[in-house]
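Structural overview
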Amino acid sequence: MSDPRSAPLARALADLVPIDEAEREDRDSTCELLERVERPFDEDDQPDHVTASVFCVSPLGALLLCHRRLGIWVQPGGHVDPGESPTGAALRELREETGVVAVHLDPPHLVHVNVHPGPRGHRHFDCRWLVEARRTELRPGTGESQELGWFLPDAALERCEPSLRTGLGKALDAARRLGLAPVASWTP
């Protein structure tokens, strides 16, 4: 691992308990990418690269946005900038896309990983973190989707892109176990 950001992410991935065989394969593929590629976070260096996103919860619910190009409801996230940690990228993307300020749990909680096609023939190895909002006002940045909102757990699971339900459900279960509002009383 030549990129110093790879080792902490590899440790987080090692601690991740996959919910199913598909996530196990995605976790293992992401670990292999970190070992194989010199710059696994660089979207311009190779078509396969790590991205970062968040499942953000607050007393208002879980935050989702309608992807401005794809038209599907997903979690905030995106590419990791040069020199930026995946955890830092996840919080930055959240602020840029929604205006929400959040914090990572202590320690940061990698809750899901998913490998999926990105634009221009790329493959995204998306590391998805559970974060807690500190400021919940929605103020999406210029050029970002203006369709976004806080959804209670059942509504979030119904609204989100079907391929996201497993990861979001896993994040909501983790938030419930940790006593994070509003999911502390949610019964899946």
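As shown above, the structure is provided for reference.
Our subject in this report is the structure included herewith. Worth saying up front: this structure is predicted, and the values here are computed from it rather than measured.

Basis of the calculations
Residues numbered from 1 in each chain as written. Predicted model: local features only at pLDDT ≥ 70, side-chain atom pairs only at ≥ 80, totals over all residues. Heavy atoms only, no water. 1 Å grid on protein atoms, 1.4 Å probe; cavity = no way out; pocket = protein on both sides within 12 Å on 5 of 7 lines; lining within 4 Å. Points joined across faces, edges and corners; volume = space filled by probe spheres on them. Helix = DSSP H or I, 4+ residues; strand = E, 2+ residues; numbered from the N terminus. Buried < 20%, exposed > 50% of the residue type's maximum accessible area, 1.4 Å probe, protein only. Nonpolar A, V, L, I, M, F, W, Y, C, P; charged D, E, K, R; others polar. Expected span 1.5 Å × (residues − 1). Pairing = 2+ DSSP bridges.

What to know about empty space enclosed by the protein
- Scanning the entire structure with this criterion turns up one cavity of 30 Å³ or more.
- Size it by volume and the largest cavity reaches roughly 40 Å³.
- Residue lining of the largest cavity: F55, C56, V57, A62, L63, L168, A171 and L172, and that is the complete set.
- When contributions to the lining of the largest cavity are tallied by element, the ones reaching two or more residues are β1 (48–58), β2 (61–66) and α5 (165–177).

Observations concerning the environment of A62
- Within the fold, A62 resides in strand β2.
- Since its relative accessible area comes to 4%, A62 is described here as buried.
- Linking A62 and G141, residues 79 residues apart in sequence, is a C-alpha distance of 19 Å.

Notes on the environment of D15
- Relative to the helices and strands, D15 resides in helix α1 (residues 6–15).
- Residues D15 and W150, 135 residues apart in the sequence, show an inter-C-alpha distance of 29 Å.

A look at the layout of surface pockets
- In this model, the largest pocket occupies a volume close to 910 Å³.
- Across the lining of the largest pocket, the residue classes tally to nine nonpolar, 13 polar and ten charged.
- By volume, the second largest pocket is sized at about 430 Å³.
- Every residue lining the second largest pocket is counted, 21 residues in all, and those nearest its centre are A12, P108, H109, L110 and W129.
- In terms of residue count, the dominant contributor to the lining of the second largest pocket is strand β5 (residues 101–117) (five residues).
- Split by residue class, the lining of the second largest pocket holds 13 nonpolar, three polar and five charged.

Looking at helix α3 (residues 86–98)
- Over its 13 residues, α3 extends 18 Å from the first C-alpha to the last, a length consistent with the 18 Å expected when each residue adds 1.5 Å.
- Listed as buried for α3 are P86, A89, A90, L91, R92, E93, L94, E97 and T98.
- Just beyond α3, the residue with positive phi is G99, at close to 85°.

Notes on the pairing of strand β7 (residues 148–151)
- Of the two faces of β7, the one carrying L148 and W150 and the one carrying G149 and F151 are both buried.
- Where β2 and β7 come together, four bridges link them in antiparallel fashion. Bridge pairing in β7 links L63 to W150.

A few points about the pairing of β1
- For β1, the buried fraction is high: eleven of the eleven residues fall into the buried class.
- The two faces of β1 match: D48, V50, A52, V54, C56 and S58 on one face and H49, T51, S53, F55 and V57 on the other face are all buried.
- For β1 and strand β6 (residues 123–135), the ladder comprises ten bridges, and the chain directions are parallel. Within the sheet, the bridge partner assigned to H49 lies in β6 and is H124.
- The sheet contact formed by β1 and strand β4 (residues 77–79) spans three bridges and is antiparallel. Bridge pairing in β4 links A52 to G78.
- Relative to β2, β1 runs antiparallel, the two sharing two bridges. Across the sheet, the residue bridging to V57 is A62, located in β2.
- Here β1 folds back onto β2 in antiparallel fashion, the turn holding two residues.

Interpretation note: all reported values are geometric properties and have no functional meaning in isolation.
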